[in-house]
Amino acid sequence: MQVFNSSSRFGVVSILLHWLVAVAVFTLFGLGLWMVDLNYYHEWYKTGPDIHRSVGILLFGVMIFRVLWRVVNRGPCPLPGQAKWEVRIAHGVHGVLYLLLFVAFVSGYLITTADGSSIHVFDWFTVPSVTGQVKGLEEVAGDIHYWTTWAIVVLAGLHAAAAFKHHLIDRDDTLRRMVGR
Amino acid sequence: MKKLLLASAVSMTMIGSVHADGHGGTYAFDDEGAHQFVTFKISHLGFSWLYGRFNEFDGQFVYDEENPENSSVSVTIDTSSVDSNHAERDKHLRSEDFLYVDDFPEASFQSTRVELGDDGEADIVGDLTLRGVTKEVTLDAKMLGHGEDPWGGYRMGFEAQTELALKDFGIPMDLGKASETVEVIISVEGIRQ
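Owing to the predicted nature of the structure, the values given are computational and were not obtained by experimental measurement.

S.K.: Would you take a moment to explain the packing of aromatic side chains for this structure?
M.R.: How two aromatic rings sit relative to each other is set out by the distance from centre to centre and by the angle between their planes. Per the stated rule, a full pass over the model turns up 17 aromatic pairs over all chains. When the centroid spacing of 5.3 Å and the interplanar angle of 15° are considered together, the rings of F4(A) and W69(A) count as stacked. On the criterion of sequence distance, the pair formed by F4(A) in the segment before α1 (12–35) and W69(A) in helix α2 (residues 44–72) is long-range, its members being 65 residues apart. Cluster of aromatic residues (ring-pair linked, three or more members): Y27(B), F29(B), F57(B), F61(B) and F158(B). Here K41(B) stacks its cationic end above the ring of W49(B), 4.1 Å away from the centre of that ring. Cation over ring: R192(B) sits above Y154(B), and NZ or CZ is 4.7 Å from the ring centre.

Here it is, written out as structure tokens:
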């Protein structure tokens, strides 16, 4: 399997990044939705948010690398037989997903750091607050985080549905290409 | 002319002192100078006290010097101003699990009667509205002092406290056996109007 993308195939780095982010995003979303309604005495009451914050920060790093990788190593050309509008919408959705992911990272980070405190990424390293204490910031950031993450999973669902449409109805290589075929 | 000025200055002083002789009247909380606090404490797991406060609230009291039992007090609190020195916890306190500030942005207390005790102490009975529930509560109050301040005003201060059961006000979050009630302490200084 090739490392870099070519004009007809995705390289292994892009493929791994895609699936890693996909799994992480849906896990973070589920964990986030579940952990905020936990009973105070549940053993995950503290652990859930700790993991959510840590994975979120790490995923932010992964996404920065992914964007850089994409800039220096463009993906394969659209498959023959795909309409121009189809390609344009697909690319549009990819762009919006990337953008929303970064909005989600920043807003999530701001909820925790709104009182000036740091985020501890597992027992590994600490990310300090950049804003210091800002009254009420956690509320605004919280609303933004809630709605952008919902938008992400809905759009990602659409993106997945479109991939299956290509695979099952159009019977083209869109989905196969994403697993390295 | 000089005499006239002097005379008016004297009469002004006299009016001021006549006014200050008694200490009855309407007092507004010193919101601007922030000599007022609504704090609360609740047990954390039975191991320690968690303290928090409401930063935005206002109120006034009327002190009846002749019949102190006819005195009254009213307080309005902006519930979204809750502050426990931890952004994530404050966000949780504002949510539906606790104060539900989107639907109930305001809490209030309006006294209905005052029962005098000894030593400047009194039970202030009144209606507390919190999270949309109105219940009669009794504030255990004490007058701390009163008198002229150094800047030409007249001030009077009280501290009052009461204990509330979270369940009584429809707060659904279960914090455990040790944390079913919260103690609320209101400490205010009023400036006579």
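From this point, the narrative continues.
S.K.: I'm lost on the pattern of salt bridges in this one. Help?
M.R.: Where side chains of opposite charge bring their charged atoms close, a pairing between them can arise. Enumeration over the complete set of coordinates arrives at 14 salt bridges over all chains. Here R53(A) makes a salt bridge to E88(B), at a shortest N to O gap of 2.8 Å. Placement of the pair is R53(A) in helix α2 and E88(B) in helix α2 (residues 87–94), with the two residues belonging to separate chains. Given the relative accessible area of 23%, E88(B) is considered partly exposed. E138(A) is the partner of R94(B) in a salt bridge, and the nearest nitrogen-oxygen pair spans 3.0 Å. Of this pair, R94(B) sits in helix α2 while E138(A) sits in helix α4 (residues 137–170), which puts the two residues in different chains. Here R94(B) matches E138(A) in class, with each residue buried. If you follow the salt bridges from partner to partner, you end up with D30(B), D149(B), R155(B) and E189(B) in one network.

S.K.: Please clarify how the packing of α2(A) against helix α3 (residues 84–113) of chain A should be interpreted in this entry.
M.R.: Angle between the axes and distance between the axes are the two parameters that describe a pair of packed helices. Residue and element names in this part refer to chain A. The interhelical angle for the contact between α2 and α3, taken along N-to-C directions, is 145°, at an axis separation of 10 Å. At the point where α2 passes α3, the crossing takes the left-handed sense. Residues R53, G56, I57, L59, F60, M63, I64, R66, V67 and R70 of α2 pack against H94, Y98, L101, F102, F105, Y109 and T112 of α3. The residue inventory of the contact of α2 with α3, partitioned by class, reads 11 nonpolar, three polar and three charged.

What counts as what
- Residues numbered from 1 in each chain as written.
- Chains lettered and ligands numbered in written order.
- Predicted model: local features only at pLDDT ≥ 70, side-chain atom pairs only at ≥ 80, totals over all residues.
- Heavy atoms only, no water.
- Phe/Tyr/Trp six-rings, centres within 6.5 Å; stacked < 30°, edge-to-face > 60°.
- Helix = DSSP H or I, 4+ residues; strand = E, 2+ residues; numbered from the N terminus.
- Lys NZ or Arg CZ within 6 Å of the ring centre and 35° of its normal.
- Salt bridge = Lys/Arg side-chain N within 4 Å of Asp/Glu carboxyl O.
- Buried < 20%, exposed > 50% of the residue type's maximum accessible area, 1.4 Å probe, protein only.
- Axes fitted to C-alpha atoms, helices over the stretch in contact; angles between N-to-C directions.
- Left-handed = near helix turned anticlockwise from the far one by under 90°.
- Contact = heavy atoms within 4.5 Å.
- Nonpolar A, V, L, I, M, F, W, Y, C, P; charged D, E, K, R; others polar.

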